[in-house]
Structures are given as C-alpha cells and as structure tokens.
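What follows is the residue order along each chain.
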Amino acid sequence: MKEKLLEEFERVFGGTDDCRVFFAPGRVNLIGEHTDYNGGHVFPCALTIGTYAVARKNGMDTCRFYSMNFVNQGIKAVNLDELEYDKEEYNWANYPMGVISMLNEKETRVNEGIDFLVYGNIPNASGLSSSASLEVLTAFACRELFGFEMSLVDIALLSQRAENRFIGVNCGIMDQFAIAMGKKNNAIFLDTATLKYEYAPIELKDAKIVITCSNKKRGLGDSKYNERRSECEDALKSIQTVKKIESLGELNEKEFEEIKNVIGDEVKIRRAKHAVYENQRTIKAVDALKAGDIKTFGELMNASHLSLQKDYEVTGIELDTIVETSWTVPGVIGARMTGAGFGGCTVAIVKNENVDEYIKTVGDTYLKKIGYAADFYTVEIGDGPKEL
Ligand code: GLA
C-alpha cells in the first residue's frame, strides 16, 4: 500500500523526499445513535479500513490536495491565508482545509503549505465516517509534520470543530473521538457529556460484525441531521422549564415519562424519547457485553433500530429492508442501522456459520425490493491514527 501511494504521489506532485505516510481509520457505531449531541453514551469502534495520506511540507504558502478517489478533480490548490469553505470549488478538500484552518485559528501551527495525497477505502457517504477519518488524518499528519503538541482527544475535538464550523454540520463528538482513540479489538464506551471513556473488549469468538452498505448516498449536510438536533434542543428547553438538567442524557426512562408532556409537541416528544431511551439502552448493552450476555446486547441493537425508525425517523426503506430482513436470518444476534441514518450502512452481529446465508438472503431481498445491490463487509476492529 505504502509503495503504491508514494508512486502516485511522485506522479502527481513530483519527488518523494521528506514524504511521510499516515493512516486514520473509519468507525462503526455498535449502539448509542443520535445520543452524542444529547449528552448521552455511545459505543463505537474504529475499523481496519480507513484513509491514507502521503504528506510533506512544500516550502510554499499554498496547500495542494489530491485524492486518488476523485482523480477527475485533479489537484486542489489553496493559499494558507484563504482557507474558506467552498462546496463547488474544493469539494472533498474542504475537510482537510477545515482542519488546517482550525489548527491555525489561535496560533499559526501550519506555517507553510503541504502537499497532501489521500486514498480511502471506506465506502464514500456510507455512514462509516469517511469525512471524520479524513479530518483526524489531517490533524494527525500536521501534528507529526509540524511537531506541535496535541493529544488525540484534542485532535478529535478540533476535527469536530472543523466539521461544525467550517463544513457546517452540527455533528457530535462520536465519530472523531472513535477514530482518534480507536483500539484494536475494543469498542469505546464514551460518555459524551464528560468525555470519560472506557475500552470494552469485543470478543465475539463464534460471530462476526457484518456491515451492509445500502448504497443509498447520504451527505450529512443534505440530510435532516441538523433538524433532528434542533428538535432535541427544543425538547430540552421545554423540560428545563420544570427540571434542572443540562442534557437529555441525564434522564432515565421513568423520569422522562413523568415529565415528557411539558414538551407539548408530539413529534418532539418522540425525538426526545429516542435520545433518552437510546442512552439507557447503550448503558445496558455495555453491561450485558461485560457480563458475556451477547444475546441481550443483540436485542438492544434491534430495539435501537426500531426506535430510530419509529420515534427518530432517520431510517428509510433501504435501511429498514436490510435490518428487517436481517432479523429473519438464523444466527443473527442483532442488527440495526448505524451512523446518522437516511441511507448509509447497517451493522449486524452474525454467527460465523450463518454469514454466507446472511449475505445471500439480505442481498437478494434488497436487490429485488430496492432495485440496486447492497455491499457487505465483514469488518475487524482496528487502532486509531498512525504513521506507516
Ligand atoms: C453522525 C454524527 C455523529 C452522531 C451520529 C448519529 O455520524 O457525525 O456525531 O451524531 O451521526 O449517532
């Protein structure tokens, strides 16, 4: 891989002296969806697929970006003083631009241009965080190239800031945190209210994590993500008129049921209900996993999907078809949509001996009902960013 990337770099930019090669993973969330901007818990893990970069300082005041995934876009060049979001002009390069702009916000950390070639093997717009992977990769590569100090948690926070303020998607911290803090064979149980976290080993022995990509494209910016977020904020404001809380994640199911009518709006009650119940499900799921009770973990995954479908309304026919078909296949311990929703991927835990049957049954049903194929990935849990 490294040789191939360097060869391409040489062809595109010329020379490979002083080049360094970096990698940042993608992520999949096992449970705890749309809880991270509600002060709740999430349980994601980093994957072994992700994004690679060859990077070097170029001695100019211009950054040059090139993606092997979007070759027809050529090199995107932008002056360090002119890092401004432009969807049409810069396209995918807005992500590294956003990160560099945040790195230089208070002090000049990136004080000369870089040449930056990237290649990703995360399916694009699939809900496996190809954009957060690229953000964390950029921050990590810049830290190594320019030698400033920044912890991995701060890299996650800075990358989230780039997404919020530069790209304009009001996402939570889950993706960037899962990627920056990834650990092989472990998921991360993260309390998004405090950023306290704990690694939990995922030892499935006789089962695998199977990701199904619906191939229904989804860009967070185009989706109703920001709308869901503000619906939850409105619900929280109403609750705060009668109870002193900072976030929906502070409530348990019983407290929510007693207080929910103050929200006043039926839709917003359902949105807040999802946030509260999903957070509690995540806590219970991690307890079950620690106790070796994978069956309960799977049931909670299934309940999570139903809540995202009925109360949060972020699934859609593609994801529902995959998940509902998954539930009919023998050996499926649990299945749900993962990520923001509205397209993208599902995640299932499937017994080893049933994986082939799973792929065939879900694949056939999906193609027949939706009219195009889904893709399947049996994935492994990998580490956070690194230099190769
Ligand atoms: C996207 C966001 C995350 C999180 C999920 C939903 O992946 O980037 O912050 O909100 O959606 O759980």
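Now for a quick tour of the structure. (Residues numbered from 1 in each chain as written. Predicted model: local features only at pLDDT ≥ 70, side-chain atom pairs only at ≥ 80, totals over all residues. Heavy atoms only, no water.)

This part takes up the sheet that holds strand S7 (residues 186-191). Spatially, three strands are ordered S2-S7-S8 in an open sheet, and the strand pairing comes out antiparallel. The open sheet has two edge strands, strand S2 (41-42) and strand S8 (196-201), and neither has a second partner. (Pairing = 2+ DSSP bridges. Helix = DSSP H or I, 4+ residues; strand = E, 2+ residues; numbered from the N terminus.)

What the rule picks out here adds up to zero disulfides. Cys-345 provides the cysteine sulfur closest to Cys-213, a residue in no disulfide bond, and the two sulfurs are 3.9 Å apart. Under the relative-accessibility criterion, Cys-213 is labelled buried at 3%. Looking at Cys-232, it has no disulfide partner, and the nearest cysteine sulfur is the one in Cys-171, 15 Å off. (Disulfide = S-S within 2.5 Å. Buried < 20%, exposed > 50% of the residue type's maximum accessible area, 1.4 Å probe, protein only.)

What follows is about the site of the ligand. Contacts to the ligand come from 13 residues, most closely from Glu-33, His-34, Asp-36, Asp-175 and Tyr-225. Arg-27 is positioned with one of its side-chain polar atoms (N or O) 3.1 Å from an oxygen atom of the ligand. At 2.5 Å, a side-chain N or O of Asp-36 approaches an oxygen atom of the ligand. In the complex, 97% of the free accessible area of the ligand, which totals 300 Å², lies under the protein chains. A class-by-class count of the residues in the shell around the ligand yields six nonpolar, three polar and four charged. For the shell around the ligand, the domains that each give at least three residues are domain 1 (2-200) and domain 2 (203-379). (Near = heavy atom within 4 Å. Polar contact = N/O pair within 3.5 Å; in protein donor to acceptor, adjacent residues only side chain to side chain. Areas by Shrake-Rupley, 256 points an atom, 1.4 Å probe, with all protein chains shown as cover. Nonpolar A, V, L, I, M, F, W, Y, C, P; charged D, E, K, R; others polar. Domains from an automatic or database assignment.)

A surface patch of negative charge is lined by Glu-3, Glu-7, Glu-10, Asp-17 and Asp-18. With respect to the helices and strands, Glu-3 occurs in helix H1 (residues 2-13). For Glu-3, a relative accessible area of 56% puts it in the exposed group. (Patch = residues over 30% accessible without salt bridge, like charges linked within 9 Å, V, L, I, M, F, W, Y side chains within 5 Å. Salt bridge = Lys/Arg side-chain N within 4 Å of Asp/Glu carboxyl O. Lys, Arg positive; Asp, Glu negative; His and termini not counted. Charge placed at Lys NZ, Arg CZ, Asp CG, Glu CD.)

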